[in-house]
Amino acid sequence: LSSSSAASDVYKRQNSMFAINIFFDFGISIVLIHFVSSYRANLKISNYKLEGSSESINLLNLFGRFIFKWYLIASLFLFVLFLIYGLFLFKDQSYSNVNLNLLLLLIATTFSLNFLFSPFFLFLEGLNNLKSVYIFRIIQSTFSYLPFYISLIFDLKLFSLFVLQFSSLILVLIYVFKYRS
């Protein structure tokens, strides 16, 4: 195998692993947005704080905790599935001096953590805070690909996939903790 052929094979296998994420959604994102939006009439976000009816806030808080637990379990399952699937796919694969198992662990970890925080954005969409979410998505797309391209320039090759996921995760964490505080 030539190195470009092996790299292409690894990229294709990683993309097929990312496609697994589609099956983890199970349409719950649409249900989540609709449920949260049903309480929107009694609530609003002002200065990054939820204001309105205490009953609605309490119900959304309970629902949020339930969804977070579900997404935590799903992201742990996704992490384990990524590892098993990746180890199976990469068991006979070698690519230069790259440790594919380490790469797999790093990508599975960052991808699962990104998945864990996705309900946060669904809650904001349900509360009709679309402008904030979409501006963040534009910023995330722009600034997570910047380190990715830089890593390609510095010839990090396959680890560029991790750099992309990690930079996206950092931006998500900054945004979530901005709202959390």
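Up top is the structure.
Residues numbered from 1 in each chain as written. Predicted model: local features only at pLDDT ≥ 70, side-chain atom pairs only at ≥ 80, totals over all residues. Heavy atoms only, no water.

Colleague: So, the overall build of the chain: which residues are in play, and what are the values?
Modeller: On a plain count of helices and strands, the chain comes out with seven helices and two strands. Mapped from its N terminus to its C terminus, the chain presents α and β elements in the order α-α-β-β-α-α-α-α-α. Counting the 181 residues in the chain, one finds 40% classified as buried. A separation of at least 24 residues holds for 77% of the contacts in the chain among residues at least 6 apart in sequence. When the accessible surface of the chain is split by element, carbon and sulfur atoms take 66% of a total near 10700 Å². (Helix = DSSP H or I, 4+ residues; strand = E, 2+ residues; numbered from the N terminus. Buried < 20%, exposed > 50% of the residue type's maximum accessible area, 1.4 Å probe, protein only. Contact = heavy atoms within 4.5 Å. Areas by Shrake-Rupley, 256 points an atom, 1.4 Å probe, with all protein chains shown as cover.)

Colleague: A description of the pairing of strand β1 (residues 43–46) should follow, citing residues and the corresponding values.
Modeller: As paired strands, β1 and strand β2 (residues 49–52) are joined by four bridges and run antiparallel to one another. Bridge pairing in β2 places L43 opposite G52. A loop of two residues connects β1 with β2, the two strands running antiparallel in sequence, and N47 in this loop sits at a positive phi of about 55 degrees. (Pairing = 2+ DSSP bridges.)

Colleague: Quick one: what's the story with helix α2 (residues 28–38), residue by residue and with numbers?
Modeller: Turning to α2, its buried residues number three or more, namely I28, S29, L32 and V36. Buried residues in α2, looked at end-on, bunch into an arc of 100 degrees, giving them a common side. Turned more than 90 degrees away from the buried face of α2 sit I30, V31, H34 and S38, all of them exposed. (Arc of directions from axis to C-beta.)

Colleague: Before we move on, can you summarise the packing of helix α5 (residues 118–126) against helix α6 (residues 130–153) with the specific residues and values?
Modeller: Direction vectors running N to C along α5 and α6 enclose 140 degrees, while the axes themselves pass 7 Å from each other. Between α5 and α6, the interaxial angle falls into the category oblique. Here F121, L124 and E125 of α5 come into contact with α6, specifically with L130, V133, Y134, F136 and R137. When grouped by side-chain class, the residues that make up the contact of α5 with α6 number six nonpolar, no polar and two charged. (Axes fitted to C-alpha atoms, helices over the stretch in contact; angles between N-to-C directions. Parallel < 35°, antiparallel > 145°, perpendicular 65-115°, else oblique. Nonpolar A, V, L, I, M, F, W, Y, C, P; charged D, E, K, R; others polar.)

Colleague: Outline the packing of aromatic side chains, listing residues and values.
Modeller: Here the distance between the centres and the angle between the planes together describe a pair of aromatic rings. Following the criterion strictly, the structure yields 15 aromatic pairs and no others. Measuring from ring centre to ring centre gives 5.2 Å for F82 and F111, while their planes differ by 20 degrees; the resulting arrangement is stacked. Residue F82 is located in helix α3 (residues 54–90), and its partner F111 is located in helix α4 (residues 100–116); the two are separated by 29 residues in the primary sequence. The exposure classification of F82 matches that of F111, with both residues buried. Summarising the aromatic geometry, the rings of F120 and F121 are spaced 5.4 Å apart at their centres and angled 80 degrees between planes, so their arrangement reads as edge-to-face. Among the aromatic residues, those joined into a ring-pair cluster are F35, Y39, F63 and F123. Over the face of the ring belonging to F121 we find R137, whose NZ or CZ atom lies 4.4 Å from the ring centre. (Phe/Tyr/Trp six-rings, centres within 6.5 Å; stacked < 30°, edge-to-face > 60°. Lys NZ or Arg CZ within 6 Å of the ring centre and 35° of its normal.)

Colleague: I'd love a proper account of the environment of I67, names of residues and values included.
Modeller: For I67, the position within the fold is in helix α3. Residue I67 is classed as buried on the basis of its relative accessible area of 2%. Those residues in contact with I67 that lie beyond four places of it in its chain are I28, L32 and P119.

Colleague: So what about unusual backbone geometry? Which residues, and what values?
Modeller: Positive phi outside glycine occurs at N128, with the angle close to 65 degrees. At D155, a position not held by glycine, the phi torsion is positive, near 60 degrees. Along the chain, D155 falls in the loop between α6 and α7 (159–180).

Colleague: Give a description of the nonpolar core that names residues and reports values.
Modeller: Ranked by size, the top nonpolar core spans 21 residues in total, and within it L32, V36, L60, F63, I67, Y71 and F123 carry the most contacts. Breaking this core down by element, the ones donating at least two residues are α2, α3, α4 and α5. The greatest single-element share of this core, amounting to eight residues, is contributed by α3. Beyond its immediate chain neighbours, meaning those up to four positions away, F123 contacts L32, V36, L60, F63 and G64. Ranked by size, the runner-up nonpolar core spans eleven residues in total, among them L124, F136, L169 and L171. (Core = buried A, V, L, I, M, F, W, Y, C linked by side-chain atoms within 4.5 Å.)

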